[in-house]
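Descriptive structure summary
Residue strings, one per chain:
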Amino acid sequence: MQDKNFDTLAGKFAKNIYGTLKGDIRAAVLWRDLEEMLPRLGERKLRVLDAGGGFGFFSQKLAALGHSVVLCDISAEMLAEAKRHIALSPTPLDIQCIHAPIQDLSRDALGEFDLVLCHAVVEWLADAKGTMTSLLTLLKPGGLFSLMFYNRDAMCFHSLIAGNFGYVQSGFKAKRVKLSPNFPVTVPEVEAWCHDWQMDIHCRSGVRVIHDYLKKGSLSTEYSDAGLIEMELKYSREPAFLRLGRYVHFVAQKP
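Residues numbered from 1 in each chain as written. Predicted model: local features only at pLDDT ≥ 70, side-chain atom pairs only at ≥ 80, totals over all residues. Heavy atoms only, no water.

Focus: the side chain of Asp33
For clarity, the cut-off: Counting from the N terminus, the helices are DSSP H or I runs at least four residues long and the strands are E runs at least two residues long. Exposure categories follow from relative accessible area, calculated using a 1.4 Å probe and restricted to protein chains: below 20% of the type maximum is buried, above 50% is exposed, and the middle band is partly exposed. Under this definition, polar contacts are N or O atom pairs within 3.5 Å; protein pairs additionally need one hydrogen-donor-capable and one acceptor-capable atom, and for neighbouring residues in sequence, both atoms have to be side-chain atoms. The contact definition used throughout considers only heavy atoms, calling two residues in contact when any of these lie within 4.5 Å.
Mapping Asp33 onto the fold places it in helix H2 (residues 21–37). Given a relative accessible area of 0%, Asp33 falls into the buried group. Within the structure, Asp33 has its side chain in polar contact with the side chain of Arg237 (distance 2.6 Å). Engagement of the side chain of Asp33 in a polar contact is seen with the side chain of His249, the distance being 2.8 Å. In contact with Asp33, not counting residues within four places along its chain, are Cys203, Ser205, Arg237 and His249.

What to know about the packing of aromatic side chains
For the record, the criterion: Only rings of Phe, Tyr and Trp enter the pairing, Trp through its six-membered ring, and a pair is recorded when the two centres are within 6.5 Å. The plane angle decides the type: under 30 degrees is stacked, over 60 is edge-to-face, the rest tilted.
What the rule picks out here adds up to eight aromatic pairs. Ring centres of Trp31 and Phe58 lie 6.2 Å apart, and the angle between their planes is 25°; on these two criteria the pair is classed as stacked. You can see Trp31 sitting in helix H2 and its partner Phe58 sitting in helix H3 (residues 57–64), a full 27 residues away along the chain. Assigned by exposure class, Trp31 and Phe58 land together as buried.

With respect to H3
Among the residues of H3, Phe58, Ser59, Gln60, Leu62 and Ala63 are the ones counted as buried. Buried residues along H3 sit against H2, strand S1 (47–51), strand S2 (68–73), helix H4 (76–87), strand S3 (95–99) and strand S4 (113–119). Positive backbone phi, approximately 105°, marks Gly66, located one or two places after H3.

Here is the structure:
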């Protein structure tokens, strides 16, 4: 079992995830969460680690606020795309790009960070908890950990309502597509990780709690994409809907 490297899929990944309504929903929910949580770290320049950050969407947004960012990814193609975006910024961005797997990051080499981001990474890791445990050694005491993960329960429910019973019964091993995560996790599983790390979860949000369940053409013409994003934000933290999110975002604080 190996971790996923998106070098050969960078173009497809960019087309399917970034620049789409799905990507806009993800960006809106995560950025809302981060803006609400960052004041916990005080009004100052922060050191940020974007682990497995790909094109560096949030790296660039945080650097634009004046923070110092280290962007790491295992994919050289992803980082090349990130560098192109950084170079096009109208203002200089304090972003250091590192081509390496998360497992190679060390506190001795990089120091400690006030904020660590790890979005849509754990579901591609053969040893997700072990990798995250090691990553958290780079987080300062009192620092924030922004973790977004692919929700196995939502994956199961979506397959069930689509009638893909064989796919579910096979343990999600049949009819696998290239961008279907290898190791999806559940909300209780990640909550247990945070308990083991003695970290308090201050924010829980579902990502795409509505979008993935809409029937084709069912969205009323009076509502634009912005209207759907507004509803996603409104219901993303409702307990009844949070666990329906294709992804779930936690922001936890190190003691």
